[in-house]
Amino acid sequence: MSKELSKTYNPQEIESRLYEKWLNKKYFAAKVNKAKKPFTIVMPPPNITGQLHMGHALDNTLQDILIRYKRMQGYEALWQPGTDHASIATEVKIIDKLKSEGIDKNDLGREGFLERAWEWRKEYGGRIVSQLKKMGSSADWDRERFTMDEGCSKAVQEVFIKLYQKGYIYKGSRIINWCPVCQTSISDAEVEHVEQGGHFWHINYPIVGEDGFVEIATTRPETLLGDTAVAVNPEDERYAHLVGKMLKLPLTDREIPVIADPYVDKEFGTGCVKITPAHDPNDFEVGKRHQLPEINILNDDATINENGGKYAGMDRYEARAQMLQDLEEQGLLVKVVDHVHNVGTHDRCKTTVEPMIKQQWFVRMEELAKPAIEALKTGELKFVPERFDKIYLHWLENIRDWCISRQLWWGHRIPAYYCDQCGEIVVSGEKPEVCPKCGCHHLTQDPDTLDTWFSSALWPFSTLGWPDQTEDLKYFYPTDVLVTGYDIIFFWVIRMVFSGYEQTGKSPFHTVLIHGLVRDSQGRKMSKSLGNGIDPLEVIDKYGADALRMTLVTGNAPGNDMRFYWERVEASRNFANKVWNASRFIMMNMEGVDTSKVALSDLEDADKWILSKVNRLSGEVTENMDKYELGIAMQKVYDFIWEEFCDWYIEMVKPRFYSEGKETSKVAACWTLKTVLITALKLLHPYMPFITEEIFCNLQDEEETIMLSAWPAPKAEWDFAETEERVEMVKAAVRAIRNVRISMNVPPSKKAAVYVVSEKEHVRESFESSKAFFAALGSASEVVIQADKEGIADDAVSAVTVDAVIYLPLEDLVDIAKEIERLEKEEKRLTGELARVNGMLSNEKFLSKAPEAKIREEKDKLEKYAQMMEQVKARLAQLK
């Protein structure tokens, strides 16, 4: 073997070089292959506006681990990548860019704006992809898709038309979340509820024809202009006499009825609720039940419209202030109570969202949700961890119709056309030449675009060629696992599942692996406002992608948030260094050694022990990975490599390299080192792909990449349970010797005779067969194994293990005269310290004036010094 690893592990040098190699050799490519079983993961498409953040890094690391594992297991593993057009996020970015050039979106017009949007996508859309590649992501990049590419757009159009024809898509007025700044409807998903200090304004509504008033409380007094009733609970005796009467609506010339509806909570506020069907989702429902008129009082920019009388044209908050002043002047403002409440804001621009009634496109959800609910109950779909079942079902069982239209330009335009003459709606893939109803030739396309989630809901099958029945679709679909954060179960997972059943008759995947958020070291969410975000690319530049990947997986359990610590990244990099240095040591000692003829019968106990260990590890890691316990699997591989392999086995075999005339023993050690290292590297590969590839390719010549080498499966002939027990017994004795030496401050360089005493013959035999490495690891000048204590001095220091007692002659460990001198000095020092502490603690003045913490500290010192004194006296007695 002439290859060698460079002296130090340099991730910057190896990572880019190896990634190039993998791309050039097409190792990530997946194709229809009937001889193999497929395994498919679709990548949650990152937004083209995206910059790689820790969430992406975690999400993609977990997917890459699964894909690399399955690829090595012999599956045809496809990781389908792509990006999302992210309508609202991208539109906001492009509008900002135009603003910086002094251009208004509307000056450009729709076509001009879309040209700029596609340019923007060309310039920035690939950024996130190149960043994902830096992570080592082994997705099949030749298949990269985009939610607005030709194929995905065709799928979107097909689904819209199909659902419309089946009556699942309809146009209706609905209270929607309206952002007055972006001037678009936004989904519940994009509304962020923020706690704000506000007020409850208590207002009197006069009863028509009587002297009394009805007192209501509201946080949005300006919506009073759109009130069409006041509601009370039908069981509330206080107001039973008012139901059916009319009230004078303040500041207007309208009268409104008092109605009874169970929606009203008797205990809350005054028990009377103003009903504004056009500006509150709950009021909208009440209004539908009681056939109340819906009066919209706002323009799209949140100024008051013509229904607001003298307040028309004012901004919503300006109108609020003026109305409150007018109410006060008329004596109708009863009181103002401070109130903290959750206000819906737009997650992108932070504007307070206004519930408004609008004509929108909706998907009827009740029927579509049924198979998605059923899938969980029949086990066709499962969540890891299972507790997320509840969230999924809760959303589905309480689902509202989905508002899918957005007042944006960037996105899939709704394929609906309106006749300019008679208003007939035609839904069609092509613009109709003529109105089917009145024969008019002028039709105008709906200006709205579809919610981004409408296209990403089709992602698992649209990326494989659907609606065409392609070979890819037949082979790779349904996909296997979806990996995603718990924050988008509703927006994305549920919509993919019901879309999968509706369009293909199948669930789009059988397992959803949920991960949590990556938080900072204090447990806070990483965010721009806190400035505590950590850039994964910075971590990679400093420590390498392998160290970042390992850090993200270590201790990570499905569904749980994790904290990011720089110290952990350093620990991961230290582990990589350990693997690198151990591999270099092994390769240096294998120079010129031919291990091709080694048989299992040539192996010594230590060899069989480590082989048996790695054999069991293969089985356990496979089992953990099949259960998606990736953090546990990683920890086991780490512990094995660091402790068993590096700290124990390599140290056990070192004497065999340096002793003359033991060629067979040396060759057996080389074969074992290489075999076990290769097995361990394979188990580590999905987690740390770069370092494992670099070492693997330098360690052997049979295969050109670890990526396509076979995943280790346990072998019956590598199971040496008895040998394992024997070696573990010797290890326990080494530990016992080390503990004795540490407690007596014996320098590591000082060798001592070691006596092993056991009545049991098999125990003595075990030590006999491991004598060479036992002597090396136990710093022994000689090892004597016997059945009784004969010939061992009475002052020998003993250490007890389960089946044997180990004795070390005292004079071998310490220079007795010197040690007595040292201990007497220590005794004198401790006597002084104890006198000082006791003096302080018996001084009333000190006790009455010193802070509690200082007194506690002195008491702790007293305890420590007393304990040390006891040990020193005991050792002196023993030596004298």
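Here, the structure is the one placed above.
Residues numbered from 1 in each chain as written. Predicted model: local features only at pLDDT ≥ 70, side-chain atom pairs only at ≥ 80, totals over all residues. Heavy atoms only, no water.

Caption draft 1: Inspection of the overall build of the protein chain at higher detail. Helices and strands together make up the secondary structure of the protein chain, namely 28 helices and 29 strands. Rg of the C-alpha trace for the protein chain: 38 Å, well past the compact-globule value of 29 Å for 880 residues, more than 25% over. Principal axes of the C-alpha set define a box for the protein chain whose edges measure 115 × 85 × 55 Å. Counting every position in the protein chain, which comprises 880 residues, the buried fraction comes to 54%. Across the protein chain, every contact between residues at least 6 apart in sequence was considered, and the portion connecting residues at least 24 apart equals 77%. Accessible surface, the protein chain as shown: approximately 39800 Å² in total, 49% of it carbon and sulfur. Seen as two clouds, the 112 positive and the 139 negative side-chain charges of the protein chain have centres 3 Å apart. (Helix = DSSP H or I, 4+ residues; strand = E, 2+ residues; numbered from the N terminus. Rg over C-alpha atoms; globule rule 2.2 N^0.38 Å. Buried < 20%, exposed > 50% of the residue type's maximum accessible area, 1.4 Å probe, protein only. Contact = heavy atoms within 4.5 Å. Areas by Shrake-Rupley, 256 points an atom, 1.4 Å probe, with all protein chains shown as cover. Lys, Arg positive; Asp, Glu negative; His and termini not counted. Charge placed at Lys NZ, Arg CZ, Asp CG, Glu CD.)

Caption draft 2: View of the sheet that holds strand β22 (residues 481-485). Read from one edge to the other, the open sheet built from 3 strands follows the order β15-β23-β22, with strand pairing classed as parallel. Either end of the sheet is taken by a strand with one partner, and the two such strands are β15 (382-384) and β22. Pairwise comparison of adjacent strand axes, ignoring direction, gives a mean angle of 25° for this sheet. In the sheet, β22 pairs with strand β23 (residues 511-515) via 5 bridges, with the strands oriented parallel. Along β23, the bridge assignment pairs Val-483 with Leu-513. Against the sheet, helix α14 (residues 489-504) touches β15, β22 and β23, its axis set at about 165° to β22. (Pairing = 2+ DSSP bridges. Axes fitted to C-alpha atoms, helices over the stretch in contact; angles between N-to-C directions.)

Caption draft 3: Quick peek at the side chain of Arg-110. As for its placement among the helices and strands, Arg-110 is situated in helix α4 (residues 105-124). No salt bridge forms around the buried Arg-110; measuring N to O, its nearest opposite-charge neighbour Glu-111 is 5.4 Å away. Excluding residues that lie within four positions of it along the chain, Arg-110 makes contacts with Leu-408, Trp-409, Arg-413, Pro-447 and Thr-449. (Salt bridge = Lys/Arg side-chain N within 4 Å of Asp/Glu carboxyl O.)

Caption draft 4: Geometry of the packing of helix α17 (residues 566-590) against helix α19 (residues 630-658). Between α17 and α19, whose axes approach to 11 Å, the crossing angle comes to 30°. It follows from the interaxial angle that α17 and α19 lie roughly parallel. α19 is crossed by α17, and the crossing has left-handed handedness. In this structure, α17 contributes Asn-574, Phe-575, Lys-578, Val-579, Ala-582, Phe-585, Ile-586 and Asn-589 to the contact, and α19 contributes Met-634, Tyr-638, Ile-641, Trp-642, Phe-645, Cys-646, Asp-647, Ile-650, Lys-654, Phe-657 and Tyr-658. (Parallel < 35°, antiparallel > 145°, perpendicular 65-115°, else oblique. Left-handed = near helix turned anticlockwise from the far one by under 90°.)

Caption draft 5: Focus on the pairing of strand β29 (residues 805-808). Note: strand β26 (residues 752-757) against β29, 3 bridges, orientation antiparallel. Bridge pairing in β29 links Val-757 to Val-805. Of the strand pairs in this sheet, strand β28 (residues 797-800) and β29 are connected by 4 bridges, and their pairing is antiparallel. Note that in β29 the partner of Val-797 across the bridge is Leu-808. Between β28 and β29, which follow one another and run antiparallel, lie 4 residues.

Caption draft 6: Just the sheet that holds strand β5 (residues 169-179), in detail. Taken together, 4 strands build an open sheet; the order of strands is β6-β5-β14-β16 and the sheet is antiparallel. The two strands at the open ends of the sheet, each matched to only one other strand, are β6 (184-186) and β16 (402-403). In this structure, β5 lies alongside β6, joined through 3 bridges in antiparallel fashion. Across the sheet, residue Asn-177 finds its bridge partner in β6, namely Ile-186.

Caption draft 7: Quick look at the environment of Phe-774. Here Phe-774 is to be found in helix α24 (residues 771-777). As a C-alpha pair, Phe-774 and Val-754 span 20 residues in sequence and 9.8 Å in three-dimensional space. Look past the residues within four positions of Phe-774 in its chain and what remains in contact with it is Val-730, Ala-733, Val-734, Ile-737, Val-754, Val-756, Phe-767 and Val-783.

Caption draft 8: Up close: the nonpolar core. Ranked by internal contacts, the top residues of the largest apolar core, which has 154 residues, are Met-54, Phe-645, Tyr-649, Tyr-687, Phe-767 and Phe-774. Looking at this core, the element that brings in the most residues is α19, giving 14 residues. Discounting residues that sit within four places of it in the chain, Phe-645 has contacts with Ile-586, Ile-610, Phe-640, Ile-650, Leu-673, Val-676 and Leu-677. With 59 residues, the next largest nonpolar core counts Ala-30, Val-156, Trp-453 and Phe-454 among its residues. (Core = buried A, V, L, I, M, F, W, Y, C linked by side-chain atoms within 4.5 Å.)

Caption draft 9: Region of the structure containing the pattern of salt bridges. Scanning the model with the defined rule gives 59 salt bridges in all. Note that Asp-451 is salt-bridged to Arg-406, the shortest N-O span being 3.4 Å. Taken together, the positions of Asp-451 in the loop between β21 (449-450) and α11 (452-456) and Arg-406 in strand β17 (residues 405-406) put the pair 45 residues apart, joining distant regions of the chain. Note on Arg-406: relative accessible area 2%, which makes it buried. Linked through salt bridges whose partners overlap, the residues forming this network are Glu-833, Arg-836, Lys-854, Glu-857, Glu-858 and Lys-861.

Caption draft 10: Region of the structure containing the packing of aromatic side chains. Applying the stated criterion across every chain yields a total of 35 aromatic pairs. Look at Tyr-19 and Phe-28: their rings are 5.5 Å apart centre to centre, the planes differ by 55°, and that puts the pair in the tilted class. Phe-28 carries the same exposure label as Tyr-19, and that label is buried. Cluster of aromatic residues (ring-pair linked, three or more members): Phe-160, Tyr-164, Trp-361, Trp-402, Phe-454 and Phe-498. Against the face of Trp-566 rests Lys-542, its NZ or CZ located 5.2 Å from the ring centre. Lys-654 extends its terminal NZ or CZ atom over the ring of Phe-585, reaching a point 5.3 Å from the ring centre. (Phe/Tyr/Trp six-rings, centres within 6.5 Å; stacked < 30°, edge-to-face > 60°. Lys NZ or Arg CZ within 6 Å of the ring centre and 35° of its normal.)

Caption draft 11: Just helix α23 (residues 761-769), in detail. All of the buried residues in α23 are Val-763, Ser-766 and Phe-767. Within α23, the buried residues cover an arc of 95° as seen down the axis, which keeps them to one side. Packing partners of the buried residues in α23 comprise α22 (721-743), β26, α24 and β27 (780-786). (Arc of directions from axis to C-beta.)

Caption draft 12: Molecular detail of α14. Of all 16 residues in α14, 14 are buried, a share of seventy percent or more. In the segment just after α14, Gly-505 is the residue with positive phi, at about 75°.

Caption draft 13: Fine view of the environment of Lys-93. In this structure, Lys-93 sits in helix α3 (residues 87-100). A residue is classified by how much of its surface remains accessible, and Lys-93, at 38% relative accessible area, is partly exposed. Measuring from C-alpha to C-alpha, the distance between Lys-93 and Thr-49 comes to 7.7 Å, with 44 residues separating the pair along the chain.

Caption draft 14: Summary view of the pairing of strand β18 (residues 416-419). A two-sided burial pattern is seen for β18, the buried positions comprising Ala-416 and Tyr-418 on one face and Tyr-417 and Cys-419 on the other. Bridge count between β18 and strand β19 (residues 425-427): 3 bridges; the pairing is antiparallel. Each bridged residue has a counterpart across the sheet, and for Tyr-417 the counterpart in β19 is Val-426. The turn joining β18 and β19, which pair antiparallel and follow one another in sequence, is formed by 5 residues; a positive phi near 80° is taken by Gly-423. Taken together, the 3 bridges between β18 and strand β20 (residues 443-445) define a ladder with antiparallel strand orientation.

Caption draft 15: How the structure looks around the side chain of His-85. Considering the arrangement of structural elements, one finds His-85 in the loop between β3 (82-83) and α3. Since its relative accessible area comes to 0%, His-85 is described here as buried. Those residues within four positions of His-85 in sequence are excluded, and the remaining contacts are Ile-48, Thr-90, Phe-146, Thr-147, Met-148, Trp-410, Gly-411, His-412, Thr-452 and Ser-455.

Caption draft 16: How the structure looks around the environment of Trp-453. In this structure, Trp-453 sits in helix α11. On a C-alpha basis, the gap between Trp-453 and Ile-806 in space is 70 Å, while along the polypeptide they are 353 residues apart. If sequence neighbours within four positions are ignored, Trp-453 has contacts with Trp-402, Ile-488, Phe-491, Trp-492 and Arg-495.

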